[in-house]
Amino acid sequence: MAQASATVADKHALITRNLQEVLGNDRLQKVLEERDLRVYWGTATTGRPHIGYFVPMTKIADFLHAGCEVTILFADLHAYLDNMKAPWELLGHRTVYYEHVIKSLLKSIGVPLDKLKFVRGTDYQLSREYTLDVYRLSSVVTEHDAKKAGAEVVKQVASPLLSGLLYPGLQALDEEYLKVDAQFGGVDQRKIFTFAEENLPSLGYAKRIHLMNPMVPGLNGDKMSSSVEDSKIDLLDTLDQVKKKLKKAFCEPGNIENNGILAFCKSVIFPLLKGNAFVIPRGADYGGPMSIHDYKELEEGFAKQEVHPGDLKNAVTTSINQLLEPIRKDFETEEMQKIILNAYPPPAPVQKKVKPVKPKGQRPTTATTESELVQNVTDKLVIENGASSESQAAGEKNLQSKTNQNGEN
């Protein structure tokens with residue numbers, strides 16, 4: 001937590017450390033001169049959290065050390081609005097899973113949970129006041145601006161649902177209803193943040209400060225995503241799974257661009273070392289273990305090819321497994337396994353239709369009796385005209401009655 005002797009400059013440095021951008025830095029400075037900052041971070045409860053979540057959690061640790069009051073929002077309603085990535089019937093189960101796994105992740109990096117406030121979106125987003133504000137906001141926001149705001153976050157389709165257009169407005173209103181000074185998120189949220197700054201004042205609400213993390217590349221060099229298996233390591237992956245995925249990760253010798261492994265070192269591993277050395281294991285024939293004390297030293301060494309990709313992967317594998325081990329243990333119980341199964345049930349097996357095989361050289365069977373012929377005609381009429389089974393039975397009865405009485409169709 002914040003030390004009693006920490007100055008405004010110290011707190012500002014911790015809050016902004018490793019951020020890519022700050023919107024409203026002058027307001028941040030002013031708040032810190034008067035009191036501690038109130039900030040929130042939200043996550044939509046969709047796909048399973050992966051190691052990329054260590055990046056915002058490491059920043060939340062910085063906020064707490066700077067004395068900030070931090071709220072974590074489990075945005076369950078947002079998850080549904082984002083093109084129904086979380087089906088309504090799974091919404092509650094996934095929120096429960098997120099709450100357990102995020103708390104377990106925070107504990108694994110030494111963040112005390114009693115200093116955090118946890119909130120679910122549906123706890124307040126279904127209230128009369130919030131709903132009225134959604135309507136008020138929709139009266140001043142155009143379809144173009146809503147779609148533009150969610151372009152980097154909400155799944156984009158040719159003909160978007162209204163739910164996706166509501167998403168940015170709800171995220172903007174969260175700032176007011178959570179009573180915070182600032183919202184924290186990835187730089188991919190920037191358009192939603194500027195949307196909030198432009199539109200909240202039209203409802204009589206203040207602009208908030210926006211703190212943005214850089215986007216950490218995935219293992220394949222692209223954006224880390226829950227929906228792209230090769231890009232991420234799940235928080236519950238086994239030791240062998242972690243090793244296997246990192247072994248295949250993009251880590252070209254000397255290339256420091258779009259390198260997910262280096263980015264993870266910068267955003268997570270080094271901030272958590274707290275002054276200790278990052279040790280890269282090497283055989284005696286290659287100079288023995290390397291001890292690196294700051295990220296810049298690692299990056300320069302990798303760029304000069306003094307650090308081999310294989311050695312770096314081995315060191316990062318060890319670090320990641322140390323972070324994940326307490327999370328794995330938390331989820332070993334039968335109760336936790338049930339939570340996982342409820343939140344992410346296995347897909348139902350696809351039933352393949354088997355076409356009936358007709359014997360070769362034989363003609364299809366035809367109706368040979370008058371009653372069979374009547375039944376075939378009736379079935380055909382039902383299929384073509386869409387008649388109900390009740391009208392089908394009535395038609396059959398009338399047709400057979402005529403046949404019995406007149407001896408002809």
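Placed above this text is the structure.
Because the structure is predicted, anything quoted here is derived from the model rather than measured.

What counts, and at which threshold
Residues numbered from 1 in each chain as written. Predicted model: local features only at pLDDT ≥ 70, side-chain atom pairs only at ≥ 80, totals over all residues. Heavy atoms only, no water. 1 Å grid on protein atoms, 1.4 Å probe; cavity = no way out; pocket = protein on both sides within 12 Å on 5 of 7 lines; lining within 4 Å. Points joined across faces, edges and corners; volume = space filled by probe spheres on them. Helix = DSSP H or I, 4+ residues; strand = E, 2+ residues; numbered from the N terminus. Nonpolar A, V, L, I, M, F, W, Y, C, P; charged D, E, K, R; others polar. Buried < 20%, exposed > 50% of the residue type's maximum accessible area, 1.4 Å probe, protein only. Contact = heavy atoms within 4.5 Å. Pairing = 2+ DSSP bridges. Axes fitted to C-alpha atoms, helices over the stretch in contact; angles between N-to-C directions. Parallel < 35°, antiparallel > 145°, perpendicular 65-115°, else oblique. Left-handed = near helix turned anticlockwise from the far one by under 90°. Core = buried A, V, L, I, M, F, W, Y, C linked by side-chain atoms within 4.5 Å. Domains from an automatic or database assignment. Salt bridge = Lys/Arg side-chain N within 4 Å of Asp/Glu carboxyl O.

### Looking at the layout of surface pockets
Here the second largest pocket defines a volume of roughly 390 Å³. Along the walls of the second largest pocket sit 22 residues, with Pro214, Met215, Pro217, Ala263 and Lys266 positioned nearest its centre. Put simply, the parts of the chain that give the lining of the second largest pocket at least two residues each are helix H3 (54–65), helix H11 (260–273) and helix H12 (295–303). Per element, the largest residue contribution to the lining of the second largest pocket is five residues, and it comes from H11. Grouping the constituent residues of the lining of the second largest pocket by class yields ten nonpolar, six polar and six charged.

### Some remarks on the side chain of asparagine 213
Mapped onto the fold, asparagine 213 is located in strand E6 (residues 209–213). For asparagine 213, a relative accessible area of 6% translates into the label buried. Among residues more than four places away in sequence, those in contact with asparagine 213 are Asn18, Leu19, Gln20, Val55, Pro56, Lys59, Phe184, Gly185, Gly186 and Val187.

### Description of the pairing of strand E5 (residues 182–186)
E5 sits mainly inside the fold: five of its five residues count as buried. Of the pairings in the sheet, the one linking strand E2 (residues 38–44) to E5 comprises three bridges and is parallel in character. Bridged to tryptophan 41 within E5 is phenylalanine 184. Note that E5 and E6 share five bridges and pair parallel. Residue pairing across strands places glycine 185 opposite methionine 212, the latter belonging to E6.

### Quick notes on the packing of H3 against H11
Look at H3 against H11: their axes get within 9 Å of each other, and the N-to-C directions meet at 40°. The pairing of H3 with H11 is recorded here as oblique in orientation. Helix-helix and strand crossings are classified by hand; for H3 and H11 the assignment is left-handed. Between H3, through Phe54, Val55 and Thr58, and H11, the contact on the second element is made entirely by Phe264, Ser267, Val268, Pro271 and Leu272. Of the residues contributing to the contact of H3 with H11, the split by class is six nonpolar, two polar and no charged.

### Concerning the nonpolar core
If you look at the biggest cluster of nonpolar residues, it comprises 74 residues, and the most contacted ones within it are Leu37, Phe54, Leu211, Phe278, Leu298 and Leu312. Counting residues per element, this core draws most heavily on H11, which supplies nine residues. Counting only domains with at least three residues in this core, you end up with domain 1 (8–213) and domain 2 (239–343). Beyond its immediate chain neighbours, meaning those up to four positions away, leucine 298 contacts Leu262, Cys265, Phe270, Phe278, Ile280, Ile292, Val307 and Leu312. Core analysis: the next-biggest nonpolar cluster, separate from the first, contains 32 residues, Ala75, Leu77, Val134 and Val153 among them.

### Some words on the pattern of salt bridges
When charged atoms on two side chains of opposite charge get close, those side chains can pair. Within this structure, the stated rule accounts for 18 salt bridges. In this structure, aspartate 234 and arginine 48 form a salt bridge, with 3.2 Å as the shortest nitrogen-oxygen distance. Of this pair, aspartate 234 sits in the loop between E6 and helix H10 (239–248) while arginine 48 sits in the loop between E2 and H3, placing them 186 residues apart in sequence. For aspartate 234, a relative accessible area of 5% gives the class buried. We classify arginine 48 as partly exposed; its relative accessible area is 25%. Across the pair glutamate 99 and lysine 103 runs a salt bridge whose closest N-O atoms are separated by 3.1 Å. Taken together, the residues span about one helical turn, with glutamate 99 and lysine 103 both in helix H5 (residues 88–108) at a distance of four residues. By relative accessible area, lysine 103 is classed as partly exposed at 24%. Among the charged side chains, a salt-bridge network with shared partners connects Arg17, Lys59 and Asp62.

### Overview of empty space enclosed by the protein
Vacant regions in the atomic arrangement are exposed by a probe of water-molecule size rolled over the atoms. Enumeration over the complete set of coordinates arrives at two cavities of 30 Å³ or more. As a volume, the largest cavity reaches approximately 110 Å³. Every element with two or more residues in the lining of the largest cavity is listed here: helix H7 (143–149) and helix H8 (162–177). When the residues that make up the lining of the largest cavity are grouped by side-chain class, the tally is seven nonpolar, five polar and two charged.

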